2 protein chains.
Amino acid sequence: MGKDKFALGIDFGTESGRAVVVRVRDGKILASNVVLYPDGVIDEKLPTGPKLEPDWALQNPLDYLTMVEKAVPKALKAAGVKGEDVIGIGTDFTASSPLPSKADGTPLMALAQYRKQPHAWVKLWKHHAAQPEANRINEIGRERNEEFIRIYGGKYSSEWFFSKLLQVADEAPAIYDAMDRFIEAADWIVWQLTGEEKRNTCTAGYKAMWVKGEGFPTKDFYRALHPRMENVIDEKIGHTFHPLGAKAGGLTAEWAKKTSLREGTPISIGNVDAHVAVPACTVVEPGSLVMIMGTSICHMLLGTSRQMVEGMCGTVEDGIVPGLWGFEAGQSAVGDIFAWFFEHGVPDYIHQQARKQKKPFAAVLEKRAAALKPGESGLLALDWWNGNRSILVDVDLTGTMVGMTLATRAEEIYRTLIEATAFGTRTIIEAFESKGIKVEHLVACGGLPERNRLLMQIYADVTGRDIKLADPLQTCSALGSAMHGAVAAGAAGGGYDSIFDAAKHMARVQKLVYKPRKEAREIYSQIFKEYTALHDYFGRGANDVMKRLKAMKRCSQ
Amino acid sequence: MGKDKFALGIDFGTESGRAVVVRVRDGKILASNVVLYPDGVIDEKLPTGPKLEPDWALQNPLDYLTMVEKAVPKALKAAGVKGEDVIGIGTDFTASSPLPSKADGTPLMALAQYRKQPHAWVKLWKHHAAQPEANRINEIGRERNEEFIRIYGGKYSSEWFFSKLLQVADEAPAIYDAMDRFIEAADWIVWQLTGEEKRNTCTAGYKAMWVKGEGFPTKDFYRALHPRMENVIDEKIGHTFHPLGAKAGGLTAEWAKKTSLREGTPISIGNVDAHVAVPACTVVEPGSLVMIMGTSICHMLLGTSRQMVEGMCGTVEDGIVPGLWGFEAGQSAVGDIFAWFFEHGVPDYIHQQARKQKKPFAAVLEKRAAALKPGESGLLALDWWNGNRSILVDVDLTGTMVGMTLATRAEEIYRTLIEATAFGTRTIIEAFESKGIKVEHLVACGGLPERNRLLMQIYADVTGRDIKLADPLQTCSALGSAMHGAVAAGAAGGGYDSIFDAAKHMARVQKLVYKPRKEAREIYSQIFKEYTALHDYFGRGANDVMKRLKAMKRCSQ
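Only a predicted model underlies this, so the values are computations on that prediction, with no experimental measurement involved.

About the cut-offs
- Residues numbered from 1 in each chain as written.
- Chains lettered and ligands numbered in written order.
- Predicted model: local features only at pLDDT ≥ 70, side-chain atom pairs only at ≥ 80, totals over all residues.
- Heavy atoms only, no water.
- Least-squares fit on C-alpha atoms with pLDDT ≥ 70 in both.
- Contact = heavy atoms within 4.5 Å.
- Domains from an automatic or database assignment.
- Buried area = accessible area lost by both parts, 1.4 Å probe.
- Salt bridge = Lys/Arg side-chain N within 4 Å of Asp/Glu carboxyl O.
- Polar contact = N/O pair within 3.5 Å; in protein donor to acceptor, adjacent residues only side chain to side chain.
- Helix = DSSP H or I, 4+ residues; strand = E, 2+ residues; numbered from the N terminus.
- Pairing = 2+ DSSP bridges.
- Axes fitted to C-alpha atoms, helices over the stretch in contact; angles between N-to-C directions.
- Core = buried A, V, L, I, M, F, W, Y, C linked by side-chain atoms within 4.5 Å.
- Buried < 20%, exposed > 50% of the residue type's maximum accessible area, 1.4 Å probe, protein only.
- pLDDT = per-residue confidence, 0-100.
- Disulfide = S-S within 2.5 Å.
- Phe/Tyr/Trp six-rings, centres within 6.5 Å; stacked < 30°, edge-to-face > 60°.

> Before we move on, can you summarise the relation of the copies chain A and chain B with the specific residues and values?
Rotating chain A by 179° and translating it 0.0 Å along the rotation axis places it on chain B, where the RMSD comes to 0.1 Å. Considering both components of the superposition, the chain copies are consistent with a two-fold axis. When the interface residues of chain A are mapped onto chain B, 100% of them again lie at the interface, so the same face is used by both copies.

> So, the domain arrangement of chain A: which residues are in play, and what are the values?
All names here are of chain A. Splitting chain A by domain gives domain 1 (6-271) and domain 2 (282-475 + 506-557). A straight line from the C-alpha centre of domain 1 to that of domain 2 covers 29 Å. On the domain 2 side, the residues contacting the 23 residues of domain 1 number 23 residues. Both faces combined, the contact of domain 1 with domain 2 buries some 1900 Å², and carbon together with sulfur accounts for 52% of it. One can count four salt bridges joining domain 1 with domain 2. The shortest N-O distance in the salt bridge between Lys212 and Glu317 comes to 3.6 Å. Linking domain 1 with domain 2 are seven residue pairs in polar contact (both at pLDDT 80 or more). Looking at the side of domain 1 that touches domain 2, the elements with two or more residues in it are β2 (16-23), α3 (147-151) and α7 (201-207). The dominant element in the side of domain 1 that touches domain 2, judged by the number of residues it contributes, is α7, at five residues.

> Could you give an account of the sheet that holds strand β19 (residues 439-445) of chain A, naming the residues involved and the relevant values?
Residues and elements named next belong to chain A. Sheet architecture is open: seven strands sit in the order β15-β16-β14-β13-β19-β20-β21, paired in mixed fashion. The sheet terminates laterally at β15 (314-317) and β21 (509-514), the two strands that pair on one side only. Between one strand axis and the next, the sheet turns through 25° on average, direction left out of account. Pairing geometry for strand β13 (residues 287-293) and β19, over six bridges, is parallel. Residue pairing across strands places Val290 opposite Val443, the latter belonging to β19. The strands touched by helix α11 (residues 273-280) are β13, β14 (297-303) and β16 (325-331); relative to β14, the strand with the most contacts, the crossing angle is about 60°.

> Would you mind going over the side chain of Thr259 of chain B in detail, with residue names and values included?
Residues and elements named next belong to chain B. By the element assignment, Thr259 lies in helix α10 (residues 253-259). Reaching out from Thr259, the side chain makes a polar contact with the backbone oxygen of Trp255 at a distance of 2.6 Å. In contact with Thr259, not counting residues within four places along its chain, are Val68, Val72, Pro73, Leu76 and Leu251.

> Just give me the short version of the pattern of salt bridges, but keep the residues and values in it.
Per the counting criterion, the structure on display carries 76 salt bridges over all chains. Lys438 of chain B serves as the salt-bridge partner of Glu440 of chain B, at 3.2 Å between the closest nitrogen and oxygen. Bridged by salt links that share partners, the residues Asp4, Arg23, Arg25 and Asp26 of chain A form one connected network.

> Residues and numbers for the nonpolar core, please.
With 238 residues, the main nonpolar core has Phe432 and Phe538 of chain A together with Phe432 and Phe538 of chain B as its most contacted residues. In this structure, Phe432 of chain B is in contact with Leu289, Leu301, Val309, Met312, Phe327, Ala329, Ile437 and Val439 of chain B, ignoring residues within four places of it in sequence.

> I'd like a rundown of the sheet that holds strand β17 (residues 380-382) of chain B, residues and numbers included.
Ordered by their spatial adjacency, four strands build an open sheet running β17(A)-β18(A)-β18(B)-β17(B), and the pairing between neighbours is antiparallel. Bordering the open sheet on either side are β17 (380-382) of chain A together with β17 of chain B, each of which pairs with just one other strand. For this sheet the average axis-to-axis angle between neighbouring strands, irrespective of direction, equals 10°. Inspection of the sheet shows β17 of chain B paired to strand β18 (residues 399-404) of chain B by three bridges, in the antiparallel sense.

> Could you give an account of the confidence of the model for chain A, with specific residues and numbers?
Taken as a whole, chain A shows an average pLDDT of 96; of its residues, 99% reach a score of 70 or greater. Both scores are available for the predicted complex, with the pTM at 0.93 and the ipTM at 0.92.

> Which residues make up the interface of chain A and chain B, and what are the values?
At the interface, 54 residues of chain A touch 54 residues of chain B. Interface area for chain A against chain B, summed over the two sides, is near 4300 Å², with a carbon-plus-sulfur share of 61%. The partner of Glu530 of chain A in a salt bridge is Arg548 of chain B, and the shortest N-O contact between them spans 2.5 Å. Residue assignment for the side of chain A that touches chain B shows that the elements contributing at least two residues are α12 (335-344), α13 (348-357), β18 (399-404), α15 (410-434), α20 (518-539) and α21 (545-555) of chain A. Looking at the side of chain A that touches chain B, the element that brings in the most residues is α20 of chain A, giving eight residues.

> Kindly report on the side chain of Gln331 of chain B, identifying the contributing residues and their values.
Residues and elements named next belong to chain B. Looking at where Gln331 falls in the secondary structure, it is placed in strand β16 (residues 325-331). Engagement of the side chain of Gln331 in a polar contact is seen with the backbone oxygen of Thr421, the distance being 2.9 Å. At 2.5 Å, the side chain of Gln331 and the side chain of Thr425 are in polar contact.

> Mind laying out the state of the cysteines, listing which residues take part and the relevant values?
A covalent bond between the sulfur atoms of two cysteines is referred to as a disulfide. All names here are of chain B. Inspection of every chain in the model, using the stated rule, returns zero disulfides over all chains. A disulfide-free cysteine, Cys202 has its sulfur positioned 10.0 Å from the sulfur of Cys298, the nearest such atom. Given the relative accessible area of 0%, Cys202 is considered buried.

> Which residues make up unusual backbone geometry, and what values do they have?
Residues Ser390 of chain A and Ile391 of chain A are joined by a peptide bond in cis, for which omega reads 15°. Of note, Ile391 of chain A is situated in the loop between β17 and β18. Here the amide bond leading from Asp471 of chain B into Pro472 of chain B is cis, since omega sits at 5°, within 30 degrees of zero. Of note, Pro472 of chain B is situated in the loop between β20 (467-470) and α18 (476-489). Positive phi outside glycine occurs at Asn145 of chain A, with the angle close to 55°. Judged by its relative accessible area of 55%, Asn145 of chain A falls in the exposed class. In this structure, Lys358 of chain A takes a positive phi of about 50° despite not being glycine.

> Lay out the packing of aromatic side chains in plain terms, naming residues and giving numbers.
For the structure on display, the rule yields 57 aromatic pairs over all chains. Centroid distance Phe12 of chain B to Tyr64 of chain B: 6.0 Å. Interplanar angle 80°. Geometry classified as edge-to-face. Of this pair, Phe12 of chain B sits in strand β1 (residues 6-12) while Tyr64 of chain B is found in helix α1 (residues 61-79), placing the two residues 52 residues apart along the sequence. The rings of Phe148, Tyr152, Tyr156, Trp160, Phe161, Phe162, Phe182, Trp210, Phe216, Phe221, Tyr222 and Phe241 of chain A are connected pair by pair, giving a single aromatic cluster.

> How would you explain the pairing of β19 of chain A if you had to name every residue and give the values?
All names here are of chain A. β19 sits mainly inside the fold: five of its seven residues count as buried. In this sheet, strand β20 (residues 467-470) lies alongside β19 in parallel orientation, the contact comprising three bridges. Residue pairing in the sheet places Leu442 in a bridge with Ile467 of β20.

> How would you summarise the environment of Glu184 of chain B if you had to cite specific residues and measurements?
Residues and elements named next belong to chain B. Relative to the helices and strands, Glu184 resides in strand β8 (residues 181-184). In sequence terms Glu184 and Ile237 are 53 residues apart; their C-alpha atoms lie 10.0 Å from each other. Discounting residues that sit within four places of it in the chain, Glu184 has contacts with Ala95, Ser96, Ser97, Pro98, Leu99, Phe161, Thr203 and Lys207.

Laid out in structure tokens, this is it:
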């Protein structure tokens, strides 16, 4: 055996980016370095001055470059790894986070005449100001019976690629005309590092209406959206997309120098944070649902055939690993609901007990909640504090709780919120299974599983399935990127020839497995029936009280 | 004009009794004295040792005598009034709070052989252990199409007279056989003070199935309830009932000595705390709804004809004032819900602000809630934390809240709880009006209106009606009793010939009137439609999720 070889994974998050150095033979993470983006999330005013409207969220693309330049050398140093021993680089990004650029890749915001124009910057995934455009896309898409409506489970999101591009065309035609390319930051960063514009199939399929073997909707559709957009694919996007794990190119001399890596180091095609995590969770076959659990949950599943599942975020061939259909679903608030409760719902007696026992109040709350039996609280909630992504795709739905009495205590409410999010996941699982897509067990990663044993046990009990935990839990996207870097290098280059091989050697799960308990599972199945009845009553039009209350709320402001 | 004359009012509450000395000519309260019952509410074990089952609540009738003996002389002394200047005495009581006694009025619990028998004591109004008996009464009553089922809005309560008596017959036949009388404490206390057993029409009508001009259900009915009870009316209750405000008799020599009052001082027929408060709130005609607002709300209204209104606690001719129909309705938790929220739902930032501003946290919460506009929270609740009395009469209903988002704050939840209880009151008002019983404005008394300006304004806005406040707010039952004492004396005895005259001179409202604001009223009318839709969905059988969750809760315990 020769000397150890390493792959570099770079994970571009919302507030910061992370570089990890991973040993190719066994996936061991030797070092990790996080760099905050200097301009962070830009949602009040541009660094150049102008104020933003509500619901805007931008980023500065130059921050991504700064992050790479700082984090990569530090991670290498901390790992004690020389640049020449890095055989491949993979990246993953938030999505859809597109930006307008010139033909040479220069972001419009980097040109003097555009730097005060909000539409010249990156529209971050959580930019929500393109809702009118999303509505128009859905209306026209449904009228024309476009394929993408089915692929996206019935609705195209305001967060996605063409909603954001249409907003530029609507509000800033000069920017629309000035851009030569409109491109996902996931692809733009690869372009910067390799000098070649090569776009990935994942964001194209999940966010931009592209279908393998079929391409995009017709010019008629885009003209119907906006006269300027008739030729948008030819003019600003292109027709060629590259599969995940393929080599995009080699590291340029300039970037080799900046990062102390070898010029020409293979770099894989751009990828998405949630999707790249799947093989890092050991999942490269159907039957295992990956849950990336944090402020929200992203659910990723592989299937052997094309299926339209209600409320999915997308259904894309080769969208996660080659040769399989990748399904993506999501819950729009999970950890966020608990954070809300910690801030707004925890009464004094919990804080007092925490002070007395010198423990964090969340630990006190969890312990008290864990002492309750399933069904003991008599409470039931709908987990819609931030709307419902899957399966209803409706941002105007809101949270609900039923069953309070004068004896209801804070830990009962907390446990009920956890249970509600677990019922949300079970609803998604049942939507998959109703289309014959098997979900045999669950694999969790992200920040939430690490701290919350009660939550994980409740998820096992509610879903009736074993839950494994990825190892590592919190850096699985970065690990997944490194794995794709190793695949870009190929076996001949010291890596692997496929993501399946890479997963076999580089990915693992922890020994700890959460297993459903029979009695709890039965009680939760009864309560889940009640959840489903309320879910359908409030969510499917029988009583649109939530929407009317929201409309009144908007009127009163 | 001669020397001022005075009336004495004695209000027997749940934890204590209060004696007030009132000037007859203008109703001015000169002094008030409260005495706690030595044994208080007996709900865990008898003072004589034996433990009680869950849901029991008893009292010691001898405590009532102790209270009179202590409080009356103190109140007279504090008022600087001599016993000889007291022209009449009135009393009011919680109801239904019955006890078994011998033919001479001796409570069974005062006899050595019965003192360790729980069934020998007073069953306090909130004794809830006779639910199986109430169920049997309702079942048999409905089968036989008995009049009382209609009078009580469709359901006879476990808190009432015959449920409690039937429980004695079921569980303690020896006590049942040993009692010569089963009598409301309201009547028993008058019997003690005058030496004459004279029962009142109010408790008979509201709690004991008695109908003016018709009497009780037949012997067949009582035999169907329990073979022992066939002749219960003849044997233990009697057929004669006396109207409110009539003179029951004169104070005995023994009690005159104990209280330093004049022997023979006229004493009015027994009355009920909520009912006696109505004329003390100036209300002796139809059109004004009296709300006695505290932990719960009791709603009292006068009408000119017999009407069966959904979910009423009772509909009784002469039940409040002579010549009119008295309607009683109720909400089972109001102040109790706010107390629950103060204990279980107020987060740290409210307490922190309170400490910083050196204010009670409830004041901080109210101020923040008052700054919100109607509809601004986007929240809606059903006020069923302790079930629903009127109009659904269902103890198994539970609290619900809809509309939470990640931006929902504590003061929004608090305001929503207040609004929910106001919607509950509006539901009761609409039930009255649907039967042609007018509700033109509201008069509030009790502990809640005094501290809660926001609450009172919301009630005005939600109901669309002016709300006046009784003066005094919190001792209106005792004042009402004194007024009835003055009526027992009659004009010839220095008092008044009718409660109408007494109300004209002795009762008043405050200058402060809460008036509905047009814009708020309109928004609340919209939200009330949503409240009604959820009220009917959860409360009328479309989805019995609350009952099923409660059943699961019971199973898990």
